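A closer look at the structure
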Amino acid sequence: MVERSNPRYLGISLIFLIISILSVLSWFLILYSTNPNRAHVYESTDTPLNDIFTSSNNSPQENRGGTTETEEPVNENRVEEALRCTNKDSPPTPLKVYMYDMSPEFHFGLLGWEPERDDVVWPDIRVNVPYHPGGLNLQHSVEYWLTLDLLFSEFAEDSRSSRAAVRVKNSSEADVVFVPFFSSLSYNRFSKVTEKQKKSRDRELQDNVVKFVTSQKEWKSSGGKNHVIMAHHPNSMSTARHKLYPAMFVVADFGRYSPRVANVDKDVVAPYKHLVPSYPNDTSGFDGRPILLYFQGAIHRKDGGFVRQELYEFLKEEKDVHFSFGSVRNHGIAKAGEGMRSSKFCLNIAGDTPSSNRLFDAIASHCVPVIISDDIELPYEDVLNYNEFCVFVRSSDALKKGFLMGLVRSIGREEWSKMWRRLKEVERYFDLRFPTKDDDGDYGVQMIWKAVARKAPMMKMKVHRFQRFTRPFVGFSED
Ligand SMILES: *[C@@H]1O[C@H](CO)[C@@H](O)[C@H](O)[C@H]1NC(C)=O
Ligand SMILES: *[C@@H]1O[C@H](CO)[C@@H](O)[C@H](O)[C@H]1NC(C)=O
């Protein structure tokens, strides 16, 4: 039957071709929409902060108040939402944390602590808490406070009625696995390569942490997705982060991370420890603070620094603005503390990184922070509304002549006092300390653990997904 007419044959082939193309196209569409990495990662330029001011009106008052509802960003968050809701109905149980018994060289050894015996890993903090020398290293000391809190949680001496986290010795029972590496201290103290070294001690410790952690059964059975790793100094974990990124990092901001390695969905932002003393019994009020706007810090900075330079040009003629240059090193901390206590508003401008301890110094001084840092991420922002006690200004607005002063002057006594009172309420959320007492339920360390706990269900889900194809796996638990 060679008689088949050519046109008919051609027609069938054409239909077949079209169907093939359509099916290939739909295949690509499905692939695209189910790629788990796509929806999860915030571009670093796409922070929620950018959404806060979307008003097209540029008058300061309008713009500041012009918050819009931010849209539900990601579909997959619904799962997290749902899990959170079920948690709400049950009584609050502390987060169960398994901590690796790592060699002291990774943690308190960095503070000079030496165990009395080789088989001892942790100091008995009921007797002796290894001393933290303070100074500028203290800014990134969240690693120290979290670890102390965890160690303390297993002692009978911990009589707190509510604890956000407890240490468990059996990793199968844990919600998360904690890696006690004091990475910021390691960076601060040992990142310089001395003449005799090929690589710095910090680099060596990082390599050893990676080697240790990735060889543990807890890591292997979870892909690291339930691990918590502290990397508060923006330069800490500079190499290890690229190998341990399935874990949750505890960071200061995401300025020096690619969104794949760290992002606001996966990780937890923790406060800096403020360097200025806190201000108990502050009765200053609006009239007790003669300086309208205070800024302390270096002018010439890389990256975000141009905003500082420009602002200085705008503000140097203003009589109730105080600019104080230079580093905090030279007795500057006490002076900065006094300056902030005497000011109504404190400028917080992005420098080398989106965040700095200056914000937390301002909060401790009850000086209403004015934040000019488009990429800043803030601790516990899912439960804390910073608009109640901070003023946010986009960099592009700050560079408009007169904008910043217009905005600050438009905030009157009543509005300012409300923010000041709120500052006095929230300051404890940022207060990192040890020992903790019974009323410390919402002090900094507890707040950080709670932030980790809010992400624990999502971590668990990732672990379950990871385990789909790894049967039989170690560390199986019944839940
Ligand atoms: C750890 O916990 C699991 C699950 O609860 C249990 O089966 C196992 O026996 C425990 N291991 C030890 C050493 O207690
Ligand atoms: C603050 O006030 C309380 C209660 O009035 C008082 O006990 C405390 O000593 C005061 N603290 C300071 C530093 O003045």
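Residues numbered from 1 in each chain as written. Chains lettered and ligands numbered in written order. Predicted model: local features only at pLDDT ≥ 70, side-chain atom pairs only at ≥ 80, totals over all residues. Heavy atoms only, no water.

Named according to an unreviewed UniProt entry, the protein chain is Exostosin GT47 domain-containing protein originating from Microthlaspi erraticum. What the UniProt record of the protein chain gives under Sequence similarities (unreviewed entry) is the line "Belongs to the glycosyltransferase 47 family." (UniProt positions renumbered as here; feature names shortened; annotations may be inferred.)

Things to note about helix H7 (residues 183–190)
Turning to H7, its buried residues number three or more, namely Ser183, Ser184, Leu185 and Ser186. The elements touched by buried residues of H7 are helix H6 (142–152), helix H8 (201–214) and strand E4 (227–230). (Buried < 20%, exposed > 50% of the residue type's maximum accessible area, 1.4 Å probe, protein only. Helix = DSSP H or I, 4+ residues; strand = E, 2+ residues; numbered from the N terminus. Contact = heavy atoms within 4.5 Å.)

Remarks on the pattern of salt bridges
Where charged atoms from two side chains of opposite charge approach closely, those side chains can pair. Enumeration according to the criterion identifies 22 salt bridges in this entry. A salt bridge links Arg167 to Asp101; the shortest N-O distance between them is 2.9 Å. One end of the pair, Arg167, is in strand E2 (residues 165–168); the other, Asp101, is in the loop between strand E1 (95–99) and H6, with 66 residues separating them in the sequence. Judged by relative accessible area, which is 10%, Arg167 ranks as buried. A salt bridge links Glu154 to Arg167; its shortest N-O distance comes to 2.4 Å. (Salt bridge = Lys/Arg side-chain N within 4 Å of Asp/Glu carboxyl O.)

Focus: the packing of aromatic side chains
Tallied over the entire structure, the rule returns 19 aromatic pairs. With 5.4 Å between their ring centres and 70 degrees between their planes, Tyr312 and Phe323 make a pair best called edge-to-face. With Tyr312 in helix H11 (residues 305–315) and Phe323 in strand E8 (residues 321–324), this residue pair connects regions lying 11 residues apart in the sequence. Classification of Tyr312 as partly exposed rests on a relative accessible area of 24%. Under the relative-accessibility criterion, Phe323 is labelled buried at 15%. Taken together, the ring pairs connect Tyr272, Phe360, Tyr380, Tyr386, Phe389 and Phe430 into an aromatic cluster. Of note, Arg341 hangs over the ring of Tyr279, and the distance from its end group to the ring centre comes to 4.1 Å. (Phe/Tyr/Trp six-rings, centres within 6.5 Å; stacked < 30°, edge-to-face > 60°. Lys NZ or Arg CZ within 6 Å of the ring centre and 35° of its normal.)

Focus on the pairing of strand E5 (residues 248–251)
Here E5 shows two buried faces, one formed by Met248 and Val250 and the other by Phe249 and Val251. Pairing geometry for E5 and strand E6 (residues 268–269), over 2 bridges, is parallel. Its bridge partner being in E6, Val251 is matched across the sheet by Val269. (Pairing = 2+ DSSP bridges.)

Quick notes on the sheet that holds strand E10 (residues 368–372)
The pairing of strands in a sheet comes from backbone hydrogen bonds and takes either a parallel or an antiparallel form. Strands sit in the order E8-E7-E9-E10-E11 across an open sheet of 5 strands; the sheet is parallel. Looking along the sheet, the strands with just one partner apiece sit at the ends: E8 and strand E11 (391–392). Of the strand pairs in this sheet, E10 and E11 are connected by 2 bridges, and their pairing is parallel. Across the sheet, residue Ile371 finds its bridge partner in E11, namely Phe392. Across the sheet, helix H16 (residues 413–426) lies against strand E9 (343–349), E10 and E11, angled at about 95 degrees from E10, the strand it touches most. (Axes fitted to C-alpha atoms, helices over the stretch in contact; angles between N-to-C directions.)

A closer look at unusual backbone geometry
Phi is positive for Asn281, close to 55 degrees, though the residue is something other than glycine. With respect to the helices and strands, Asn281 occurs in the loop between E6 and strand E7 (291–296). Among the residues examined, Asn281 registers a relative accessible area of 72% and is labelled exposed. Backbone geometry places Tyr380, a non-glycine residue, at a positive phi of 50 degrees. Looking at where Tyr380 falls in the secondary structure, it is placed in the loop between E10 and E11. Owing to a relative accessible area of 3%, Tyr380 belongs among the buried residues under this scheme.

Description of the side chain of His366
The topology assignment puts His366 in the loop between helix H13 (357–364) and E10. Only 3.0 Å separates the side chain of His366 from the side chain of Glu427, close enough to count as a polar contact. Excluding residues within four positions of it along the chain, His366 makes contact with Tyr279, Asp282, Arg289, Trp416, Trp420, Leu423, Lys424 and Glu427. (Polar contact = N/O pair within 3.5 Å; in protein donor to acceptor, adjacent residues only side chain to side chain.)

Some thoughts on the state of the cysteines
According to the stated counting rule, one finds 1 disulfide in the structure shown. A sulfur-sulfur separation of 2.1 Å characterises the disulfide bridge that pairs Cys346 with Cys367. Residues Cys346 and Cys367 share a disulfide whose torsion about the S-S bond is about 105 degrees; that sign makes it right-handed. With Cys346 in strand E9 and Cys367 in the loop between H13 and E10, this residue pair connects regions lying 21 residues apart in the sequence. Note on accessibility: Cys346 and Cys367 belong to one class, buried. (Disulfide = S-S within 2.5 Å.)

Section: the site of ligand 1
Near ligand 1, the surroundings consist of Asn170, Ser172 and Glu173. Separating an oxygen atom of ligand 1 from a side-chain N or O atom of Asn170 is a distance of 2.3 Å. Computed on the free molecule, ligand 1 has an accessible area of 370 Å², of which 28% lies beneath the protein chains in the complex. (Near = heavy atom within 4 Å. Areas by Shrake-Rupley, 256 points an atom, 1.4 Å probe, with all protein chains shown as cover.)

So, the sheet that holds E1
Taking strand neighbours across the sheet as the criterion, the 6 strands line up as E2-E1-E3-E4-E5-E6 in an open arrangement whose pairing is parallel. Among the strands making up the open sheet, the edge pair consists of E2 and E6. As judged from the 3 bridges shared by strand E3 (residues 176–179) and E4, these two strands associate in the parallel manner. Counterpart to Phe178 in the pairing with E4 is Val228.

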